[in-house]
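Structure at a glance
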Amino acid sequence: MSNSLHDLDEADLFLVTGSNTTEAHPIIGMQIWQAVRHKNKKLIVIDPRKIELTKYAAMHLRQRPGTDVAVYNGLARIIIEEGLADLDFIRDRTDGFEEAKEVIMKYTPEVVEKISGIPKEQLIEAARMYGKAERASIYWAMGSTQHINGVHGVHSIVNLAMLTGNIGKPGTGVNPLRGQNNVQGACDMGCLPNQFPGYKPVNVPENVERVEKVWGVKVPAKPGLTLTDMVNSMGTERGIKGLYIMGENPMMSDPDLNHAKEAFESLEFLVVQDIFLTETAELAHVVFPATSFAEKEGTFTNTERRIQRVRKAVKPPGDAWEDTKIICSLSKEMGYPMEYPSASKVMDELASVTPIYECVSYEYLDKGVAVHWPCNSCSIDRTSCGTLIMGTPVLHEEKFTRGAGKFLAFEFQPPTEWPDDEYPLILTTGRNLWHWHGGSQTRKVSSLNERSPEPYMELNAADAKKMGIKNSEEVEVTSKRGGITLKAVISDRPTPGVVFIPWHYKEAAANILTINALDPQAKIPEYKVCAVRVEKTGGGQKEPNRYSHYPG
Ligand SMILES: Nc1nc2c(c(=O)[nH]1)N[C@H]1C(S)=C(S)[C@@H](COP(=O)(O)OP(=O)(O)OC[C@H]3O[C@@H](n4cnc5c(=O)[nH]c(N)nc54)[C@H](O)[C@@H]3O)O[C@H]1N2
Ligand SMILES: Nc1nc2c(c(=O)[nH]1)N[C@H]1C(S)=C(S)[C@@H](COP(=O)(O)OP(=O)(O)OC[C@H]3O[C@@H](n4cnc5c(=O)[nH]c(N)nc54)[C@H](O)[C@@H]3O)O[C@H]1N2
Ligand SMILES: [Mo]
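Residues numbered from 1 in each chain as written. Chains lettered and ligands numbered in written order. Predicted model: local features only at pLDDT ≥ 70, side-chain atom pairs only at ≥ 80, totals over all residues. Heavy atoms only, no water.

1. Some points on the overall build of the protein chain
Within the protein chain, the secondary structure is distributed over 19 helices and 23 strands. A globule of 552 residues ought to have a C-alpha radius of gyration of about 24 Å, and the protein chain, at 24 Å, matches this closely. Taking the principal axes of its C-alpha atoms as reference, the protein chain extends roughly 65 × 60 × 45 Å. Taking all 552 residues of the protein chain together, the buried fraction comes to 52%. Within the protein chain, counting contacts between residues at least 6 apart in sequence, those at least 24 apart form 70% of the total. (Helix = DSSP H or I, 4+ residues; strand = E, 2+ residues; numbered from the N terminus. Rg over C-alpha atoms; globule rule 2.2 N^0.38 Å. Buried < 20%, exposed > 50% of the residue type's maximum accessible area, 1.4 Å probe, protein only. Contact = heavy atoms within 4.5 Å.)

2. Structural notes on the side chain of His60
By the element assignment, His60 lies in strand β3 (residues 59–61). Assessed through its relative accessible area of 18%, His60 is described here as buried. Polar side-chain contacts of His60 include one of 2.7 Å to the backbone oxygen of Asp47. Here Arg49 takes part through its backbone oxygen, which lies 3.3 Å from a polar atom of the side chain of His60. Leave out the neighbours within four places in its chain, and His60 touches Val45, Asp47, Arg49, Lys50, Thr54 and Gln122. (Polar contact = N/O pair within 3.5 Å; in protein donor to acceptor, adjacent residues only side chain to side chain.)

3. Here's the deal with the site of ligand 2
Close to ligand 2 lie 29 residues; Asn249, Ser253, Asp274, Lys296 and Asn511 are nearest. The contact in question runs from an oxygen atom of ligand 2 to an N or O atom on the side chain of Gln180, over 3.2 Å. Summarising the interface, the protein chains cover 88% of the accessible area of ligand 2, which totals 920 Å² for the free molecule. Listing elements by their share of the shell around ligand 2, those giving two or more residues are α13 (250–253) and β10 (269–274). Looking at the shell around ligand 2, its residues break down into 8 nonpolar, 15 polar and 6 charged. Per-domain counts for the shell around ligand 2 show at least three residues from each of domain 2 (183–389) and domain 3 (425–541). (Near = heavy atom within 4 Å. Areas by Shrake-Rupley, 256 points an atom, 1.4 Å probe, with all protein chains shown as cover. Nonpolar A, V, L, I, M, F, W, Y, C, P; charged D, E, K, R; others polar. Domains from an automatic or database assignment.)

4. Thoughts on the environment of Arg64
For Arg64, the location among the structural elements is in the loop between β3 and α3 (68–81). Its relative accessible area of 34% is what places Arg64 among the partly exposed residues. Taking the C-alpha atoms as reference points, Arg64 and Ile426, 362 residues apart in sequence, are found 8.7 Å from one another. A polar atom in the side chain of Arg64 sits 3.4 Å from the backbone oxygen of Lys114.

5. Some words on unusual backbone geometry
The step from Trp373 to Pro374 runs through a cis peptide bond, and the omega angle for that step is -5°. Within the secondary structure, Pro374 sits in the loop between β14 (370–372) and β15 (381–382). A positive phi angle is found at Tyr199, which is not glycine, with a value near 60°. Following the sequence through the fold, Tyr199 ends up in the loop between β7 (195–196) and β8 (200–201). Here the phi dihedral of Arg305 falls at roughly 60°; this positive angle occurs in a residue that is not glycine. Following the sequence through the fold, Arg305 ends up in the loop between β12 (298–301) and β13 (306–310).

6. A short note on the state of the cysteines
In total, this model carries 0 disulfides according to the counting rule given. The closest cysteine sulfur to the non-disulfide-bonded Cys328 is located on Cys191, 14 Å from its own sulfur. (Disulfide = S-S within 2.5 Å.)

7. Quick notes on the sheet that holds β3
An order of β3-β2-β1-β5-β6 is seen for the 5 strands of this open sheet, with the pairing classed as parallel. Both outer strands of the open sheet, β3 and β6 (174–176), are each paired with one neighbouring strand and no more. The sheet shows a mean angle of 15° between the axes of neighbouring strands, direction not considered. In the packing of helix α7 (residues 120–132) onto the sheet, the strands contacted are β1 (13–17), β2 (42–46), β3 and β5 (136–140), and the crossing angle to β3 comes to about 125°. Where helix α9 (residues 150–163) meets the sheet, it contacts β1, β5 and β6, and its direction lies at approximately 170° from that of β5. (Pairing = 2+ DSSP bridges. Axes fitted to C-alpha atoms, helices over the stretch in contact; angles between N-to-C directions.)

8. Here we look at the site of ligand 1
Taken together, 32 residues lie near ligand 1, and Ala24, Asp47, Gly66, Arg431 and His435 sit nearest. Within the side chain of Asp47, a nitrogen or oxygen atom sits 2.7 Å from an oxygen atom of ligand 1. Taking 920 Å² as the accessible area of ligand 1 by itself, protein coverage stands at 97%. Going through the elements one at a time, α1 (21–24), α8 (142–145) and β18 (425–430) are the ones with two or more residues in the shell around ligand 1. Of the residues in the shell around ligand 1, the class split is 9 nonpolar, 17 polar and 6 charged. The residue makeup of the shell around ligand 1 includes at least three contributed by each of domain 1 (5–176) and domain 3 (425–541).

9. Description of helix α2 (residues 26–38)
For α2, built from 13 residues, the straight-helix expectation of 18 Å at 1.5 Å per residue is met to within 8% by its first-to-last C-alpha distance of 17 Å. Of the residues making up α2, those classed as buried are Ile28, Gly29, Ile32, Ala35 and Val36. Along α2, the residues classed as buried sweep out an arc of 130° about the axis, all on the same side. In α2, the exposed residues that point more than 90 degrees away from the buried face are Ile27 and His38. Summarising the contacts, the buried residues of α2 are in contact with β1, α1, β2 and β5. In the segment just after α2, Asn40 is the residue with positive phi, at about 65°. (Expected span 1.5 Å × (residues − 1). Arc of directions from axis to C-beta.)

10. Notes on the packing of aromatic side chains
Evaluated as defined, the whole model comprises 6 aromatic pairs. Pairing Trp33 with Tyr56 gives two aromatic rings, centres 6.1 Å apart and planes at 80°, and the pair type is edge-to-face. Residue Trp33 is located in helix α2, and its partner Tyr56 is located in the loop between β2 and β3; the two are separated by 23 residues in the primary sequence. Between Tyr244 and Phe288 the ring centres are 6.2 Å apart and the planes differ by 50°, which places this aromatic pair in the tilted class. One end of the pair, Tyr244, is in strand β9 (residues 242–246); the other, Phe288, is in strand β11 (residues 286–289), and 44 residues separate them in sequence. (Phe/Tyr/Trp six-rings, centres within 6.5 Å; stacked < 30°, edge-to-face > 60°.)

Structure below.
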């Protein structure tokens, strides 16, 4: 996030796109909800489904999944046409506006309505609302990025913020909500195929030298493969033959699971390090049992770039070792002894190779100081609510990392697979409040299983009527890649022509259906759009779930 949660409610307007915030980011969802309900802030939601936040939104734009780039371009065009652009900000802080404008101006409200299904009057009203807000912030998540043009979507969102000068001030900004609890920290630490810690590209000699000096070894100066590229390379002649997976369960989370399974089964050697014996661990030659977050010391970096302490609260079970102990022991066996007397010493080394963590240390974290990277000074401030704060809660105040902010606009590109006569519906996948990903953790918790015990598919009432499907009736969903059987839950939540399946349930794994199509830059799969067919199995109506999947 460019901004922090301290300044979230300084916004006059929130634009939330492709994020089921109250279910997937409940704390932030609650903060937005409170600001809208109790502080009179405005909310615009862009999502093909009705989600809880749409109940409180001034506007809900319901597009066809996969058409976001057209929608964002359309909003930008109206803002420019109606004189709502911040021309001073564009002149002083950005470049590339004129080139971007050439693309943006093609997206008239009529064109956008045709592509996305959003009535043009709604698009115009939403653009005016966003363009006129004194301070507006944009929040987005996977609904916007899990597409073959996910990167284009992000650039188009950034265009909107720069166009209106909504960046570099409290209550504004471009705020992607990070998913896993420490995915931000993992990326900061260089768990990326092309970057060293602190987002330093591996192909710059100066960056190579800096880490080689601290680590005392030669490091590769060529980018490696992304996760999705690795899977595609397995089973090919010169592809990957051995793999070490740590804290990942691709046999539930990868797209097109039948293809993924073939790839994993072709490996000559697979190691899995996990806290449970997952579907992926079952395929492994060696399994290392690791300890969970509550059984170790360390830090997690959250979505607002804030580094937070994690403390050991319980003893690990059986033979489980901490991840660092497993890695350090292996490293020693391989001839590079790594020994750290404490987690704080690990952080000291990290700070020495990660420029954005320069002044981060347990000395401050243990005192409860809110440390946000980049943190290149040890001075501590106090926020209006009394929190001690270090580092940079708001990014890009004076300038952007590259100097001027770059406008980049793109043409709309349709999803890889679009409905046809054989597969007439769009499938979009995602989460519900109760479960986590492939369920390896949450589906072991009885109170969560009680609330969401089994797989289901959300179907629009109009589509259900046409197909003669009743609520809770069993259906088979088929794509070009495979099929699953589960229960239909009928409501007005998905837009007509769209079905939604949460991918938490292994007995009807949604990823059997999804398509292995990747954004060429980010290599993120198109989890949010593929074409499917839905048919009744004749299995009859089942007991409806006791709890609604629509909390609130
Ligand atoms: N309870 C729970 N919380 C979680 C997780 C979990 O598994 N369970 N996982 C965590 C992780 S790793 C992540 S990345 C986040 C994900 O958090 P989110 O991205 O917020 O969650 P999703 O359910 O994947 O998708 C969000 C929304 O995108 C909408 N959508 C679908 N297609 C489109 C489209 O084309 N355009 C737009 N604008 N919207 C679309 C869907 O209708 C859905 O409401 O959640 C995190 N939090
Ligand atoms: N269809 C569809 N598929 C998707 C998505 C979607 O929206 N739709 N979303 C995608 C997204 S955004 C994400 S982030 C991925 C997530 O995909 P994964 O990361 O594969 O999913 P998780 O189930 O979170 O896997 C994490 C594993 O780590 C283990 N674990 C937990 N704590 C620890 C620990 O401290 N140490 C170790 N060693 N292991 C630990 C857990 O038991 C679990 O097996 O899925 C992607 N897949
Ligand atoms: Mo994620």
